[in-house]
Amino acid sequence: MSEIKRSFCRNCGAQCGLELEIEDGRILDIRADRSNPVTGGYFCIKALGAMDRQNGKDRLLTALCGHAGSARQAIPTRDAIKEIANRLSDLVERHGPRSIGIYYGTGAYTAALTLPFAKAWLEAIGSPQLYSAATIDQSPKFITALRMGAFKSGRQPFASSDVWLLSATNPLISHWGGYGGITPYSPLSDIRAARKRGLKLIVIDPRRTETARQADLFLQPRPGQDVAVHAAILNHILANELFDKAFCESYVKNLDVLREKVAAYDLETAAGLSGVPAGDIRAPAELFARGPRGCATSGTGGNMAPFANLAEHLLECINIVCGRYRRAGEPVLNPALIVPGLNREGVVPAFPLWDHSPRMSSHPDAGHAISDEFATNLLAGEILHEGEELLRALIVLGGNPVVAIPDYEAVKKAFESLELLVTMDVQATETTAMSHYVLPCTTPFERAEFSGLTDGNSPGAVFQYSAAIMQAPPKAMEEWEIFYELAAAMELKLEWEYVPMLGMPTGRKMRLDMTRKPSCDEMFDFICQHPDVPFARMKKEGAGRVALSPRYVLPPDPDDEARLDVMPGELIEELAECLATRQGQHLRPGDLLLHSRRLPNVMNSNYIDTDHDRLRYAFNPLYMHPEDMAERGLTDGEEVEVASSHGKLIARVRADSSERRGAISMHHAWAKRYDRAGEQQRATPVSVLIDKDGLRERHNFVPRMSAIPVRVSATMTRQ
């Protein structure tokens, strides 16, 4: 007989409350939990993918060992951990700690203990070799804060705004609008309610996205022309004295330099570059400046295009010159409960992290791109370079880097050359297929967890907790347990610290007894610091909204003289180069610009091969405007070749009038396709089109991953 249990989704930052119907260890159905006081009955289609992952045929139930590409042998998980520990210890002894590294994907963010233990283990070894998906898609946000500084109290929240600008982001599909932005677990309702009370929504995107259909003003530029549009909006605001003079006088430096440099991007120049009429750029500039409250935010789209760091910097400058940050005396509408802190007006000064961190052996000019992490785009080079300090062993968790990292063939070659590749996962992937050891992990429904991603990112003070509601396979382990047992086998001591996503370390660490494994409850109790909402309350109530005493932004420290640097020296160089090269775009007749696109049922490389999604997306569609298809003699569903200057792949074209003429889009991190009988066929991921060494950003070394010039033509055999 089936039973109903409650939990919350761990696919993305929304973390929606769920009801699961379970029978004999299998999920029969997943639906929204309408009784959940946080998410209120919202959920999206990706939750059905979680059901298929839990029940699916590709679920990893035992540890595997063997040479990549050869027949694998099942092995008890703890025996595998001991073998891995011996091999790692040998590598450290022979080649030093830098021979060992970790890569983690977005899946690692949804488990509170995974990253603290992974980082503590790597620190105990003494290796700086940490990489993640964060330096693939949205690292320009970190680079911007490190170069200009950041405002301590944070941006004005969506809940109290009069205007909001979204650039190259689609929160109705991604369910992420940034901290204080559109509520991730009810984005459409949030937008509609805000517009009903008078908010004006501005959307800038090469495609008329699901979010763009809700906009009051919509700009549809050519892919990759984010700098032109952002700079022109900024220039119009500054040139017409529409900015917040008092805020800039108190908290901004180099404003005159910024004004001088963006003057090159007048409305007509930006129109010529972006393909958006000058008047259409003027309107959102004036609407946003009038405010009086509201912010500009971005997503992965502009952060993957050429000159991504510059585009993100200029977008944040729009917020800065308009003074769109919380000031002293304003109520804090989204207080954090897990790691509470004070909100104070003032500036965190710029800090060039890369100048104060270890350097990569393969790229001596490359330091950390974000806190404690090297740029993932340089990972293949760190494995293959000709120096002494090669990266020889890599542990992968929460991701599928073989298809996620740009330049598929180079990444595959690098991973094949590793002396040891260990992957922790719940299902088979392209990366597990290349691994020497595969360790089976528990799914989100098989472990206890609290919701860290909605903490401080919800209207009001909220919490969610779920016990394990399903029995884990006997050989599966939580990732933190694997790192604990690896450390014990290698005779390492562990000290770990919980740092919220986008939070700052505080130095509050738990030192572990390596002879007694701690319980999750002990560690959750250590993490949860709010006096009114200790872990015991979370565990008892499961989910809740908390009525706290009102909190307000505190006045600035009178001795704090830090200012936001809106135009540091290297930005002047980048802006000049960008204008001179038309943001890196030199198109031949017939070229199309391929940009990235999120699909509603897929989370990066997750759920591409679930039973539910295979029916809807048997292949990774290439979306193209019908008029561009007609111009090339293509028909809907036809097989085409997509070729960049670096590589090519086969896709099937799908007509989509929401695309701009001259622009096409595909989902990233996709490496599977199915024939009409549902059998899996070999497919080349989109990353094969990307040259990891071409047109790279400063500090984070992000290559052109969107707005890629390509040729599209029918294959020899028409389907």
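These numbers were taken from a predicted model, which means no experiment stands behind them.

Calculation notes
- Residues numbered from 1 in each chain as written.
- Predicted model: local features only at pLDDT ≥ 70, side-chain atom pairs only at ≥ 80, totals over all residues.
- Heavy atoms only, no water.
- Pairing = 2+ DSSP bridges.
- Helix = DSSP H or I, 4+ residues; strand = E, 2+ residues; numbered from the N terminus.
- Axes fitted to C-alpha atoms, helices over the stretch in contact; angles between N-to-C directions.
- Buried < 20%, exposed > 50% of the residue type's maximum accessible area, 1.4 Å probe, protein only.
- Salt bridge = Lys/Arg side-chain N within 4 Å of Asp/Glu carboxyl O.
- Phe/Tyr/Trp six-rings, centres within 6.5 Å; stacked < 30°, edge-to-face > 60°.
- Lys NZ or Arg CZ within 6 Å of the ring centre and 35° of its normal.
- Contact = heavy atoms within 4.5 Å.
- pLDDT = per-residue confidence, 0-100.
- Expected span 1.5 Å × (residues − 1).
- Polar contact = N/O pair within 3.5 Å; in protein donor to acceptor, adjacent residues only side chain to side chain.
- Parallel < 35°, antiparallel > 145°, perpendicular 65-115°, else oblique.
- Left-handed = near helix turned anticlockwise from the far one by under 90°.
- Nonpolar A, V, L, I, M, F, W, Y, C, P; charged D, E, K, R; others polar.

### Quick word on the sheet that holds strand β9 (residues 163-167)
Strand order in this open sheet of 4 strands is β11-β10-β9-β13, and the pairing throughout is parallel. Single-partner strands in this sheet number two, and they are β11 (217-219) and β13 (296-298). Across the sheet, the mean angle from the axis of one strand to that of its neighbour is 15°, orientation sign disregarded. Pairing of strand β10 (residues 200-204) with β11 involves 3 bridges; the strand directions are parallel.

### Brief notes about the sheet that holds strand β19 (residues 461-466)
Spatially, 3 strands are ordered β18-β19-β22 in an open sheet, and the strand pairing comes out antiparallel. Edge positions in the sheet fall to β18 (449-450) and β22 (543-546), since each of these pairs with one other strand and no more. Pairing of β18 with β19 involves 2 bridges; the strand directions are antiparallel. By the bridge assignment, E449 is partnered in β19 with S466.

### Some words on the side chain of S435
Among the structural elements, S435 can be located in the loop between β16 (420-425) and β17 (437-440). The class of S435 is buried, set by a relative accessible area of 0%.

### A look at the pattern of salt bridges
As enumerated under the stated definition, the model contains 48 salt bridges in all. Between E574 and R147 there is a salt bridge, with the nearest N and O atoms lying 2.8 Å from each other. Here E574, found in helix α21 (residues 569-580), pairs with R147, found in helix α5 (residues 139-148); they are 427 residues apart in sequence, far enough to count as distant. Residues E574 and R147 agree in their burial class; the two are buried. Note that K152 and D560 form a salt bridge whose closest N and O atoms lie 3.1 Å from each other. Here K152 is found in the loop between β8 (150-151) and β9, whereas its partner D560 is found in the loop between β22 and β23 (564-565), with 408 residues between them in sequence. The network of salt bridges with common partners includes R6, E19, E21, D29, R31 and D33.

### A word on the pairing of β16
Most of β16 sits out of view: 6 of its 6 residues are buried. Residues L420, V422 and M424 line one face of β16 and the alternating positions L421, T423 and D425 line the opposite face, and both faces are buried. Alignment of strand β15 (residues 393-397) against β16, held across 5 bridges, turns out to be parallel. In the strand pairing of β16, L397 is matched with M424.

### Re the packing of aromatic side chains
Under the definition given, this model contains 16 aromatic pairs. Both rings, one in Y104 and one in Y109, keep their centres 5.8 Å apart while their planes meet at 75°; by these two values the pair is edge-to-face. For Y109, a relative accessible area of 24% corresponds to the partly exposed category. Ring pairs connect the aromatic residues F450, Y465, Y498, F524 and F535, which therefore count as one cluster. Sitting over the ring of F288, R324 keeps its end group 4.6 Å from the ring centre.

### Some points on the side chain of D425
By the secondary structure assignment, D425 is in strand β16. For D425, the contacting residues outside a window of four places in its chain are L60, G399, T432, L439, P440 and C441.

### A word on the confidence of the model for the protein
Overall, the prediction assigns the protein a mean pLDDT of 92, with 96% of residues at 70 or greater. Scored below 50 in pLDDT, residues 673-681 makes 21 contacts in the model with residues more than four places away or belonging to other chains.

### Description of helix α3 (residues 114-125)
Taking 1.5 Å of rise per residue, 12 residues should cover 16 Å, and α3 covers 17 Å from first to last C-alpha, within 8% of that figure. Burial of α3 is extensive: 9 of the 12 residues sit out of reach of the surface. Every buried residue belonging to α3 is among T114, L115, P116, F117, A118, A120, W121, L122 and I125, and all of these are buried. Looking one or two residues beyond α3, the residue adopting positive phi is G126, at roughly 100°.

### Some points on the environment of Q464
With respect to the secondary-structure elements, Q464 resides in strand β19. For Q464, a relative accessible area of 2% corresponds to the buried category. Taking the C-alpha atoms as reference, Q464 lies 39 Å from D656; in sequence the two are 192 residues apart. Here Q464 is in contact with F8, Q15, G17, N36, V38, T39, E449, F450, S451, T454, G542 and A543, once residues within four sequence places are set aside. Engagement of the side chain of Q464 in a polar contact is seen with the backbone oxygen of Q15, the distance being 2.9 Å.

### Let's talk about the environment of A472
The residue A472 is located in the loop between β19 and α18 (479-489) in this model. Spatially, the C-alpha atoms of A472 and A168 are 40 Å apart, while their sequence positions differ by 304 residues. In contact with A472, not counting residues within four places along its chain, are T442 and E446.

### What to know about the packing of helix α8 (residues 226-239) against helix α14 (residues 308-321)
Relative to each other, α8 and α14 sit at 25°, their axes nearing to 9 Å. In terms of axis orientation, α8 runs roughly parallel to α14. With respect to the hand of their crossing, α8 and α14 are arranged in left-handed fashion. Seen from α8, the contacting residues are D226, V227, H230, A231, I233, L234, I237 and L238; seen from α14, they are L310, A311, L314, L315, C317, I318 and V321. Within the contact of α8 with α14, the residues separate by chemical class into 13 nonpolar, 1 polar and 1 charged.

### Observations concerning unusual backbone geometry
Between G291 and the following residue, P292, the backbone shows a cis peptide bond with an omega angle of 5°. Within the fold, P292 resides in the loop between α12 (278-290) and β13. One non-glycine residue with positive phi stands out, namely H175, at about 55°. Tracing the backbone shows H175 in the loop between α6 (171-174) and α7 (187-196). Its relative accessible area of 3% is what places H175 among the buried residues. At E241, a residue that is not glycine, the phi angle is positive and equals roughly 55°. Among the secondary structure elements, E241 is positioned in the loop between α8 and α9 (245-251).

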